[in-house]
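Chain by chain, the residues run as shown.
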Amino acid sequence: MVNRIGGGWLRRLQGDKSQSNEAIGEITTENVPQHVAIIMDGNGRWAKARGLPRIAGHHSGMKTVKRITKAADRIGVRYLTMYAFSTENWKRPKAEVEFLMKLPQEFLSIELDELIENNVQVKMMGIRDLLPDYTVSAIEEAVRKTENNTGLVLNFALNYGSRMEMVEAARKLARSAASGELDPEAIDERMFGSSLLSGNLPDPDLLIRTSGELRLSNFMLWQLAYSEFWFTDVYWPEFSEEHFYEAIREYQRRARRYGGL
Ligand code: IPE
Ligand code: IPE
Ligand code: MG
């Protein structure tokens, strides 16, 4: 499975036998989670602990996004969803929100070429209204320039909220039913699921949350129904490849039963 399509970082690793795989450790290639979703949390506390402004934590967290994208690609993860801004994060001070809204543009201006080179497909999951134009256009450019790539899907959850996406999906289906286009009895889990913002992405196999918080904070409530959860106290800016591979190894030790035996 790992050898299927893969991104560039994976190919490079396979081509370079001299590169040591120490960090990867005992990860088995057969049971790599296809979709990993991450609640990137703890940027503010990381900064505070260092006497820095919260935005310094967000800036540093951007480097972790790059690091973990590469790490995921190296082992053959196909979809990586990163929770970058929730529908509730608008409650934060205006200056912090403005800083967060500028990060996608900054991240992509530094990383887009390398993402393209490594066959990554950039996607976004969230409501575009309310997001500043410069944020949306930076992401749309990345989506457009990577749409024909066949490697890792890097999916940013930006202005994303799961309750809101379910209400929207219900409205959309109700509108079609009211207009007579859709028989309400035809609505099933598959149709409802594909009406969500995650569209046709497979459900996450593994959810990671950093910073010691043990909650979902309105993230992929429907899609995480049978995902494995892994939590760490580590703050997002210092979340390393080793931490990521620790989560993967733990995932590989679990038995997923989906209600069966
Ligand atoms: C995660 O870090 C990033 C976003 C939610 C945008 P936080 O900003 O939530 O950091 P903490 O939780 O306050 O430490
Ligand atoms: C969840 O983190 C949202 C993102 C990581 C983008 P929060 O920091 O907003 O969550 P709460 O407020 O602690 O639940
Ligand atoms: Mg937080």
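Note that the coordinates shown come from a computational prediction; the quantities given were computed from them, not determined experimentally. (Residues numbered from 1 in each chain as written. Chains lettered and ligands numbered in written order. Predicted model: local features only at pLDDT ≥ 70, side-chain atom pairs only at ≥ 80, totals over all residues. Heavy atoms only, no water.)

**Points about the side chain of Ser198**
Applied cut-off: Starting at the N terminus, helices and strands are each numbered in turn, a helix being any DSSP run of H or I of at least four residues and a strand any DSSP run of E of at least two. Throughout, exposure labels follow a simple rule: accessible area from a 1.4 Å probe, protein chains only, divided by the maximum for the residue type, with under 20% read as buried, over 50% as exposed, and the rest as partly exposed. We call two residues in contact when some of their heavy atoms are within 4.5 Å.
Mapped onto the fold, Ser198 is located in the loop between α7 (189–194) and β5 (206–209). Its relative accessible area of 7% is what places Ser198 among the buried residues. Leave out the neighbours within four places in its chain, and Ser198 touches Met125, Glu165, Met220 and Gln223.

**Brief notes about the UniProt feature "binding site: Mg(2+)" (unreviewed entry) in the protein chain**
Note the threshold: UniProt positions are given in the numbering used here, feature names are shortened, and annotations may be inferred rather than shown by experiment.
As annotated by UniProt and renumbered to match this structure, "binding site: Mg(2+)" (unreviewed entry) occupies Asp41 and Glu228. Position of Asp41 relative to the elements: it lies in the loop between β1 (35–39) and α2 (43–49). Relative accessible area serves as the criterion here: at 16%, Asp41 is assigned to the buried category. In this structure Asp41 touches Arg209, Thr210, Ser211, Glu213, Tyr235 and Trp236, once residues within four positions along its chain are discounted. Following the sequence through the fold, Glu228 ends up in strand β6 (residues 228–231). For Glu228, a relative accessible area of 14% translates into the label buried. Excluding its chain neighbours within four sequence positions, the residues that come into contact with Glu228 are Asp205, Leu206, Leu207, Tyr251, Arg254, Ala255 and Arg256.

**Quick notes on unusual backbone geometry**
Phi at Leu130 takes a positive value of approximately 80°, unusual for a residue other than glycine. The topology assignment puts Leu130 in the loop between β3 (121–125) and α5 (133–146). Exposure remark for Leu130: the relative accessible area of 68% places this residue in the exposed category. Of note, Tyr258 is a non-glycine position whose phi angle comes to about 50°, a positive value.

**Topic: the pattern of salt bridges**
Two side chains bearing opposite charge may form a pair once their charged atoms approach each other closely. Note the following rule: Throughout this description, the term salt bridge denotes a Lys or Arg side-chain nitrogen within 4 Å of a carboxyl oxygen of Asp or Glu.
Scanning all chains against the criterion turns up 18 salt bridges. The partner of Glu111 in a salt bridge is Lys66, and the shortest N-O contact between them spans 3.0 Å. Separated by 45 residues along the polypeptide, Glu111 in helix α4 (residues 94–117) and Lys66 in helix α3 (residues 54–75) bring together distant segments of the chain. Each of the two residues, Glu111 as well as Lys66, counts as buried. Between Glu168 and Arg171 there is a salt bridge, with the nearest N and O atoms lying 2.7 Å from each other.

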